[in-house]
Amino acid sequence: MIHVANKLSRRHVLAGLGASLLLHPSGPANADGMMPMRAIRQFSLGDMAVTVIDDGSFSMGVGMFGANAGKDEVGALLQSYGMSGKMAAMPLQVMLVETEGVRILIDTGMGDVTLHGNTPDNGRLIRSLEALGLAPADIDIVLLTHGHPDHVGGLTVNDEQAFPAAQHLLPDIEFEFWTQSPDQAPAQLREMVRECRRHILPISHRIKSYSDGDQIAPGVTAVAAPGHTHGHFAVMLESRGQRMLHLVDTAVHYITGLERPDWTVGADLNKPLAIETRKRLLSRAAEEYLLIAGYHFPFPGVGRILRLGDGFRYVPMPLV
């Protein structure tokens, strides 16, 4: 069993989020507290069945995506693509993988948590599973790539565990950091830690850790990708010679994170390490011509990575 640490040393946290990530429980859209489904995309990867579920979205100021560049430079890049130079949309793509009779959820979406200043538009996972003919108890493994609220918010429904039969996986360092006492956390992270605790602690007795290279299920392998958080992970899916690297939050925004991988992201806890990890995994994806997925990329968030000067470009792929 994993035990809650009283405190993680502040020297492990690099200061400066660039913007405050204040969170609050959202008002449910339906009487039963769950949002309706919005979009689902299914495809095959070898013998694997992969389903991408649109859990919703939120928006953030563009300065978050280039804290060392400044919001004007970030805004100009996004405007060159016809986007707002002030706010950026952040979709939430939860992935369901079925391999050799095992059903794995990669992260759980945002659940009942909504960023301040946003209209509740998330927490669609349970309704989407129902549309697929699945009950929460049909999920065998919940693979949590890190402890941020937009990845663990769907762990609970009305403060009860959402997936009662599932084994939950979360690295020890993530569990310890995101369940520490909010009063012991860095000031800019206290609201976030408070929300993470609310969702993680009710299922703490079901959590086991995992490490780099661990096989989570047949063809599903953990790939260390630290920097965004201290124990952030990507995931490699492989079946019958077909491979897909789920980058998760290695690149948070599909334009800024790829074209300017040297730009720091406000929410990255270790910014130099996050840049190093981002360049390493994006280089690998480009060199090996891997199919990739991005948690915050536009639905369904699956495509390829191509070289673009000193950076990269995301090319969405049609899924048939």
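The structure under discussion appears in the preceding block.
Residues numbered from 1 in each chain as written. Predicted model: local features only at pLDDT ≥ 70, side-chain atom pairs only at ≥ 80, totals over all residues. Heavy atoms only, no water.

Concerning the overall build of the protein chain
For the protein chain, the helix and strand inventory stands at seven helices and 18 strands. Taking all 320 residues of the protein chain together, the buried fraction comes to 55%. Only carbon and sulfur atoms are counted for the fraction: they give 50% of the accessible area of the protein chain, which is about 12,600 Å². (Helix = DSSP H or I, 4+ residues; strand = E, 2+ residues; numbered from the N terminus. Buried < 20%, exposed > 50% of the residue type's maximum accessible area, 1.4 Å probe, protein only. Areas by Shrake-Rupley, 256 points an atom, 1.4 Å probe, with all protein chains shown as cover.)

Considering the sheet that holds strand β5 (residues 102-106)
Strand order in the open sheet formed by seven strands is β2-β3-β4-β5-β7-β10-β11, and the pairing between neighbours is mixed. Of all the strands in the sheet, just β2 (39-45) and β11 (207-208) have a single pairing partner and so form its edges. Strand direction decides the pairing type here: strand β10 (residues 167-169) and β11, joined by two bridges, are parallel. When the bridges of β11 are listed, L169 appears paired with K208. (Pairing = 2+ DSSP bridges.)

A short note on the packing of aromatic side chains
Tallying each qualifying case throughout the model produces five aromatic pairs. Relative to Y314, the ring of Y254 has its centre 6.1 Å away and its plane inclined at 80 degrees; by these criteria the two rings are edge-to-face. Here the residue Y254 occupies a position in the loop between β15 (242-246) and α6 (256-259), and Y314 occupies one in strand β18 (residues 311-316), the gap between them amounting to 60 residues. Pairing F297 with Y314 gives two aromatic rings, centres 4.8 Å apart and planes at 65 degrees, and the pair type is edge-to-face. With F297 in the loop between β16 (291-293) and β17 (302-308) and Y314 in strand β18, this residue pair connects regions lying 17 residues apart in the sequence. Classification of F297 as buried rests on a relative accessible area of 0%. Three or more aromatic residues link up through ring pairs in this structure, and these residues are Y254, F297 and Y314. The ring of Y289 has R304 lying over it, and the distance from NZ or CZ to the ring centre is 4.3 Å. (Phe/Tyr/Trp six-rings, centres within 6.5 Å; stacked < 30°, edge-to-face > 60°. Lys NZ or Arg CZ within 6 Å of the ring centre and 35° of its normal.)

Considering the side chain of N118
With respect to the secondary-structure elements, N118 resides in the loop between β6 (113-115) and α2 (125-131). The exposure class assigned to N118 is buried, which follows from its relative accessible area of 18%. Of note is the side chain of N118, whose polar atom sits 2.7 Å from the backbone nitrogen of S59. (Polar contact = N/O pair within 3.5 Å; in protein donor to acceptor, adjacent residues only side chain to side chain.)

A closer look at the sheet that holds strand β14 (residues 233-239)
The strand order across the open sheet formed by seven strands is β12-β13-β14-β15-β16-β17-β18, and the pairing between neighbours is mixed. Of all the strands in the sheet, just β12 (215-217) and β18 have a single pairing partner and so form its edges. In this sheet, adjacent strand axes meet at a mean angle of 35 degrees when their direction is disregarded. Alignment of strand β13 (residues 220-224) against β14, held across five bridges, turns out to be antiparallel. Bridging from a neighbouring strand, T221 pairs with M236 of β14. Sheet contacts for helix α7 (residues 271-287): β13, β14, β15, β16, β17 and β18; angle to β17, the most-contacted strand, approximately 100 degrees. (Axes fitted to C-alpha atoms, helices over the stretch in contact; angles between N-to-C directions. Contact = heavy atoms within 4.5 Å.)

Section: the environment of N270
For N270, the position within the fold is in the loop between α6 and α7. The class for N270 is partly exposed, based on a relative accessible area of 23%. For the pair N270 and H230, spaced 40 residues apart in the sequence, the C-alpha separation amounts to 7.2 Å.

Topic: the nonpolar core
In terms of nonpolar packing, the biggest core is built from 50 residues, with F65, L129, I139, F163, W178 and I200 touching the most fellow members. For this core, the secondary-structure elements that each account for two or more residues are β3 (48-61), α1 (71-79), β4 (87-99), β6, α2, α4 (172-178) and α5 (190-200). When residues in this core are grouped by element, the largest group, five residues, is from β4. The residues contacting F65, other than those within four sequence positions of it, are M60, V74, A88, M90, V252, H253, T256, W263 and T264. In this structure, V50, V97, L143 and L237 belong to the second largest nonpolar core, which totals 24 residues. (Core = buried A, V, L, I, M, F, W, Y, C linked by side-chain atoms within 4.5 Å.)

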